Amino acid sequence: MQNGINLSCTIGVSAGALNAISYVSGQIGRSARFHLRYRHDPHFVGLNPILSQKERGIIGFDFLFDKLDEVEPLDSARFMSESRRLLVVCTALASGLPVYFEKRDSEEEIMTAIRASASMPYVSQPVSVRGIRCLDGGCSVKIPFEWPITHGYKKVVVVRTRERTYRAPRGEDERMPAMFYGEFPEFCAVLSKMNERYNQELDALDQLEKEGRAFVIAPSIPVTSGRLESDMDKLGELYFMGMHDAKQALPALRLYLSSQEQV
């Protein structure tokens, strides 16, 4: 963003969907400033949202969206501009399949989809989007690089959250999905194979990168932060490592994007 790289289409999954908001609106550092300031607020992460009759999940999305907009209002005009596409990946409970919701006329609807995409299984309640009950998009698709390729985009930039050599551990417990989501057998099957599918995606992405069909920005060292990391030093280090790695990648990224093909 600081170097004027604003791709015409952004696809976000889970926490990536949350970060996509400020990227599409062009507000540099907005997400980081909020998370680093409010990570330990009990209304954001923890028991308060879990016990809330409305939230019933570990993340307080009402607090996140309302407080963030109060502290640093979203540039809605730029966010909703037709020149910047935004797609959010969710997982449908009934089918276990990924569902792609695109930002169109309703800011409220795309925010609901983002909430659904970032609602982790087991610790969050499903969110209904256009009548479809959904949970975390990462349950069915961790890295949605296939969507832009199949929809005609010639340049695909992927921001990974793990170093290139990372592969998820195998041997998921197939009993836990059934305990929580037994009425949704397809969703249970997706959860039980989540890590296996993620590793397949990583292998496919490595091959696309070798072929020059995708550009990947990945952490330069292994990431030790947890999914709900509370150590502020770790969070700060991770943020600045991301900035450092992106700066290091800039010359090669500019070269990759230099052709006139659609991005």
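The structure reproduced in this document is the subject of the present report. As the structure is a prediction and not an experimental result, all values here were calculated from the model.

Reading the values: the criteria
Position labels on residues start from 1 in each chain and follow its written sequence. Only residues with pLDDT of 70 or above have their local features reported here, since the model is predicted, and side-chain atom pairs are shown and tallied only from 80 upward, although totals for entire chains, interfaces and linings are computed over all residues. As a rule here, side-chain values come from all non-hydrogen atoms in the structure, and water together with hydrogens is ignored. When a carboxyl oxygen of Asp or Glu lies within 4 Å of a side-chain nitrogen of Lys or Arg, that pair is called a salt bridge. Strands here mean DSSP runs of E at least two residues long; helices mean DSSP runs of H or I at least four residues long; both are numbered from the N terminus. Exposure classes here rest on a 1.4 Å probe applied to the protein chains alone. A residue is buried below 20% of its type maximum, exposed above 50%, and partly exposed in between. Axis definition: a line fitted to C-alpha atoms, over the contacting stretch in the case of helices. Angles run 0 to 180 degrees between N-to-C directions. Here the word oblique covers every angle except those under 35 degrees (roughly parallel), over 145 (roughly antiparallel) and from 65 to 115 (roughly perpendicular). Less than a right angle of anticlockwise turn of the near helix away from the far helix marks a crossing as left-handed, whereas a clockwise turn marks it as right-handed. Here a residue-residue contact requires only that any non-hydrogen atoms of the pair lie within 4.5 Å. Throughout this entry, Asp, Glu, Lys and Arg are counted as charged residues, while Ala, Val, Leu, Ile, Met, Phe, Trp, Tyr, Cys and Pro are counted as nonpolar. The remaining residues, Gly among them, count as polar. Candidate patch residues must exceed 30% relative accessible area and have no salt bridge, after which like charges are joined if within 9 Å and Val, Leu, Ile, Met, Phe, Trp or Tyr side chains if within 5 Å. All accessible-area figures derive from a Shrake-Rupley calculation using a 1.4 Å probe, and residue coverage is judged against the displayed protein chains alone. Here a strand pair is declared whenever DSSP counts at least two bridges between the two strands.

### Re the pattern of salt bridges
Evaluation of the coordinates by the stated rule reveals 14 salt bridges. Residues Glu102 and Arg85 are paired through a salt bridge, measuring 2.6 Å at the closest nitrogen-oxygen approach. Placement of the pair is Glu102 in strand 3 (residues 98–102) and Arg85 in strand 2 (residues 85–92), with a sequence separation of 17 residues. Residue classification places Glu102 among the buried residues on the basis of a relative accessible area of 11%.

### A few points about the packing of helix 4 (residues 61–71) against helix 6 (residues 107–117)
The N-to-C vectors of helix 4 and helix 6 enclose an angle of 135°; their axes lie 11 Å apart at closest approach. Judged by the angle between their axes, helix 4 and helix 6 are oblique. Regarding helix 4 and helix 6, the two cross each other, and that crossing is right-handed. Mapping the contact onto sequence places Phe61, Asp62 and Phe65 in helix 4 and Met111, Ile114 and Arg115 in helix 6. Residues that form the contact of helix 4 with helix 6 fall into these classes: four nonpolar, no polar and two charged.

### Observations concerning a nonpolar patch on the surface
A cluster of nonpolar side chains, Leu47, Ile50 and Leu51, forms an exposed patch at the surface whose accessible area comes to about 320 Å². Relative to the helices and strands, Leu51 is located in helix 3 (residues 47–51). Given the relative accessible area of 64%, Leu51 is considered exposed.

### Side note on the pairing of strand 3
Sheet topology places strand 2 next to strand 3; five bridges connect them, and they run antiparallel. Directly across from Val88, in strand 3, lies its bridge partner Phe101. The antiparallel pairing of strand 2 with strand 3 creates a hairpin that spans five residues between the two strands, and Gly96 there sits at a positive phi of about 75°.

Any link to function would need more than the numbers given here.
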